[in-house]
Amino acid sequence: MRPLLRVLPRSPSTLPTHSPLHFHLHPQRTCVRTVTTDILHKSQNANGKERVVILGSGWGGYTLSQKLSLEKFSPLVISPRSYFVFTPLLTDTAGGNLDFSHIVEPVRDPKRKLDFVQAAARKVDLDRKVVLCEPTIVRSGVTETHTDEEDDVTPSGSSTNAEAETTKTAVTKKTKKWETGEPFEVPYDKLIISVGAISKTFKTPGVKDNAIFFRGIGDSRRVRRRVRECFELAVLPTTSPMMRKHLLHFAIVGAGPTGTELSASLRDFIAGDLIALYPDLQGIPRISLYDVAPTVLSMFDESLSKYAMDTMKKEGIDVRTSHHIKDLRWWVPGAEGPHEMDPRSCLTLTTEEEGEVGVGMCVWVTGNAMNELVRNELTGVDVFPGKSAVVKGGEGSYGKGEWSYKKAPKTGALLVDGHLRVQLESKQGGTAVLQDVFALGDNAVLETGTPPATAQVTSQEAKWLATRLNKGDFETQPHFSFHNMGTLAYIGNANALMQLPEEDGKHLPQKLTGRMAWFVWSSAYLTMTISWRNKFRVAFRWFLNRVFGRDISRY
């Protein structure tokens, strides 16, 4: 492995003649030049290891990079963010239960010798086996949420956590020339596409520009900051009673696991800590959970879903199912336009069922869509990659423009075979399987059966693919098969749900609710937290919260 950094010696005569670096000498001081990796060299390293390029640092990309054999492969992770986010505890950071650093694992790890480039993949050339990338290191507002860096929004991208890009990606809204990095190509021997997904707005007016999407650390920081912001605005002597009511109404759209747990965490944060600081606001704050479906947590059994709704309503969360969002804009209900953004004011959420409602914050956590790389770039194939693609049945045209990426009709995700290999399709109806390009996670769909779009599925796919690559036994092994380990969800005030698959219910309780389920929820996620450092930090922070309360700082 080539060193990541090299420092110019004191004397130019000591510089090795074979050094790949070029230095400019200054008469008064020694200059330092650095290289990140040898990615611009041939993909096949001098030591004979295959270069595996992994797009994304989320559940798929990060897990795969940790499981690949370093004796056989030379992994290179390309992602807009330089860390992995343990997303099951992301809602805990928004509610002040954990610091943001407690759920983050750096991709660059001195104990794990792999290469990393902070960039976004823009295009893939299958014939030349190169990935066109653009650096995403320097961005405006680096201390605030920047969706193309904080989330797995641009390819990598995740990852994520994101390993994904949100609909507010700076890639499509760049306004500063210096934010555009100089593109470069990265050659690969094998390519793993795990760039995640973006938030789906269903083209609802105002959502793209005014809602907070909840996919990464930056978004969680924005949620926590906005909650405190609304409380501070509400206690100003110039704030009217009606505006105070609007500011302290927090809306979460999407009653899946993330939306439900975020509602529960914010409820605990407000009822357990913030009201003690703002006693004059007692009884005013409220949280509304919206969803178009008739129930919350639809992936659970009907009885568990009903238990969750009843418990959340009892804890003060306003569950509004069967509601259709029509519009989201700034300023109070009924106000005449133009409705320009003004964080000192509230927003207006409009639904078909109840009209306009004033809210201080709207968090959008419903639906996945494909990011820019998968949606716009991984489409047609100019040159058929004859060296790496195998045509099923030996039929098909190899002409220019005859082939394109095979995708799922409804979602637009890459349609992979049972071994997670990306496929091409021709205008004549032929199918070709790429032997060196794989896809997993939210940006891929198995043609052998579609498991749920969860971190559990992506993690299992990454571990299975790493094992197959390490052993090189694709031809002798059966297709990937998802094993359901059960589903957990936190619903507030130390209550949770747990549901195990029927085959596991023979030896363990298939359903669990209340405090016992919360204990399982806490224990499971504490155990799953990647590094021992973060396991101890999470456990210690939970203990401190019990003694001293949650973190209520706003930054």
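Refer to the structure printed above.
I will try to describe carefully the structure that is included in this document. (Residues numbered from 1 in each chain as written. Predicted model: local features only at pLDDT ≥ 70, side-chain atom pairs only at ≥ 80, totals over all residues. Heavy atoms only, no water.)

1. Brief notes about the overall build of the protein chain
- For the protein chain, the helix and strand inventory stands at 12 helices and 28 strands.
- Expressed as a percentage of the 555 residues in the protein chain, the buried residues total 55%. (Helix = DSSP H or I, 4+ residues; strand = E, 2+ residues; numbered from the N terminus. Buried < 20%, exposed > 50% of the residue type's maximum accessible area, 1.4 Å probe, protein only.)

2. Notes on the pairing of strand 12 (residues 286–290)
- When you tally the buried positions in strand 12, you get 4 out of 5 residues, the bulk of the element.
- Direction of pairing for strand 11 (residues 249–253) relative to strand 12: parallel, over a ladder of 5 bridges. Bridge pairing links Ile252 to Leu289 in strand 12.
- Bridging between strand 12 and strand 13 (residues 317–320) involves 4 bridges; their strand directions are parallel. Each residue of the ladder has a partner; that of Leu289, found in strand 13, is Val319.
- Between the parallel elements strand 12 and strand 13, the chain passes through helix 8 (residues 302–314) in a crossover that is right-handed. (Pairing = 2+ DSSP bridges. Right-handed = clockwise from strand over helix to strand, strands pointing away.)

3. Some points on helix 8
- Taking 1.5 Å per residue, 13 residues should reach 18 Å; helix 8 reaches 18 Å between its end C-alpha atoms and fits that length.
- Taken together, the buried positions of helix 8 are occupied by Leu304, Ser305, Ala308, Met309, Thr311 and Met312.
- One or two steps after helix 8, the chain reaches Gly316, where phi turns positive at roughly 100 degrees. (Expected span 1.5 Å × (residues − 1).)

4. Comments concerning the packing of aromatic side chains
- As enumerated under the stated definition, the model contains 15 aromatic pairs in all.
- Where Phe86 meets Tyr525, the ring centres are 6.2 Å apart and the plane angle is 80 degrees; that geometry is what we call edge-to-face. In this structure, Phe86 and Tyr525 share a single accessibility class: buried.
- Plain terms: the ring middles of Trp464 and Phe474 are 6.2 Å apart, the flat faces sit at 75 degrees to each other, and that makes the pair edge-to-face. Taken as a pair, Trp464 in helix 10 (residues 455–471) and Phe474 in the loop between helix 10 and strand 26 (487–492) lie far apart in primary sequence, 10 residues in all.
- An aromatic cluster of at least three residues, connected via ring pairs, comprises Trp59, Tyr62, Phe84, Phe86, Tyr490, Trp521, Tyr525 and Trp542.
- Lying over the aromatic face of Phe100, Arg221 brings its terminal NZ or CZ to 5.2 Å of the ring centre.
- Over the face of the ring belonging to Trp532 we find Lys535, whose NZ or CZ atom lies 5.5 Å from the ring centre. (Phe/Tyr/Trp six-rings, centres within 6.5 Å; stacked < 30°, edge-to-face > 60°. Lys NZ or Arg CZ within 6 Å of the ring centre and 35° of its normal.)

5. Thoughts on unusual backbone geometry
- In this chain, Gly337 is followed by Pro338 through a cis amide linkage whose omega measures 5 degrees.
- Mapped onto the elements of the fold, Pro338 is located in the loop between strand 14 (325–330) and strand 15 (347–351).

6. Examining the packing of helix 5 (residues 217–234) against helix 7 (residues 257–277)
- Direction vectors running N to C along helix 5 and helix 7 enclose 45 degrees, while the axes themselves pass 12 Å from each other. In terms of orientation, helix 5 lies oblique with respect to helix 7. The way helix 5 lies across helix 7 gives a crossing that is right-handed. In this structure, helix 5 uses Val223, Arg224, Val227, Arg228 and Phe231 to contact helix 7, whose residues at the interface are Leu266, Phe269, Ile270, Leu274 and Ile275.
- Residues of the contact of helix 5 with helix 7, tallied by class, amount to 8 nonpolar, no polar and 2 charged. (Axes fitted to C-alpha atoms, helices over the stretch in contact; angles between N-to-C directions. Parallel < 35°, antiparallel > 145°, perpendicular 65-115°, else oblique. Left-handed = near helix turned anticlockwise from the far one by under 90°. Contact = heavy atoms within 4.5 Å. Nonpolar A, V, L, I, M, F, W, Y, C, P; charged D, E, K, R; others polar.)

7. A short note on the sheet that holds strand 28 (residues 511–513)
- Ordered by their spatial adjacency, 3 strands build an open sheet running 26-27-28, and the pairing between neighbours is antiparallel. On the outer flanks of this sheet lie strand 26 and strand 28, each paired with one strand and no other. Looking at each pair of strands side by side, their axes are set apart by 10 degrees on average, direction ignored.
- Across 3 bridges, strand 27 (residues 495–499) lies against strand 28 in antiparallel orientation.

8. Some thoughts on the nonpolar core
- In terms of nonpolar packing, the biggest core is built from 127 residues, with Leu55, Phe231 and Leu465 touching the most fellow members.
- Residues contacting Phe231, with those up to four places away along its chain left out, are Leu248, Phe250, Ile270, Leu274, Ile275, Tyr278, Leu281 and Pro285.
- By size, the runner-up hydrophobic cluster in this structure holds 15 residues, among which are Val207, Val253, Trp330 and Val359. (Core = buried A, V, L, I, M, F, W, Y, C linked by side-chain atoms within 4.5 Å.)

9. As for the side chain of Gln499
- Locating Gln499 in the fold gives a position in strand 27.
- Side-chain polar atoms of Gln499 contact the backbone nitrogen of Asp301, separated by 2.6 Å. (Polar contact = N/O pair within 3.5 Å; in protein donor to acceptor, adjacent residues only side chain to side chain.)

10. So, the environment of Leu98
- Relative to the helices and strands, Leu98 is located in the loop between helix 2 (90–94) and strand 4 (104–106).
- Apart from the residues lying within four places of it in its own chain, the contact partners of Leu98 are Leu89, Asp92, Thr93, Ile103, Arg224, Val538, Arg541 and Trp542.

11. Quick look at the packing of helix 1 (residues 59–67) against helix 10
- Between helix 1 and helix 10, the least distance of the axes is 8 Å, while the angle of their chain directions is 35 degrees. As helix 1 runs across helix 10, the sense of the crossing is right-handed. Between helix 1 and helix 10, the contacting residues are Trp59, Gly60, Thr63, Leu64 and Lys67 on the first element and Ala455, Thr458, Ser459, Ala462, Lys463, Leu465, Ala466 and Asn470 on the second.

12. What about the sheet that holds strand 13?
- The sheet built from 5 strands is open, its strands ordered 10-17-11-12-13 with parallel pairing. In this open sheet, the two strands that pair with only one neighbour each are strand 10 (212–213) and strand 13.
- Packed on one face of the sheet, helix 8 meets strand 12 and strand 13 and runs near 140 degrees to strand 13.

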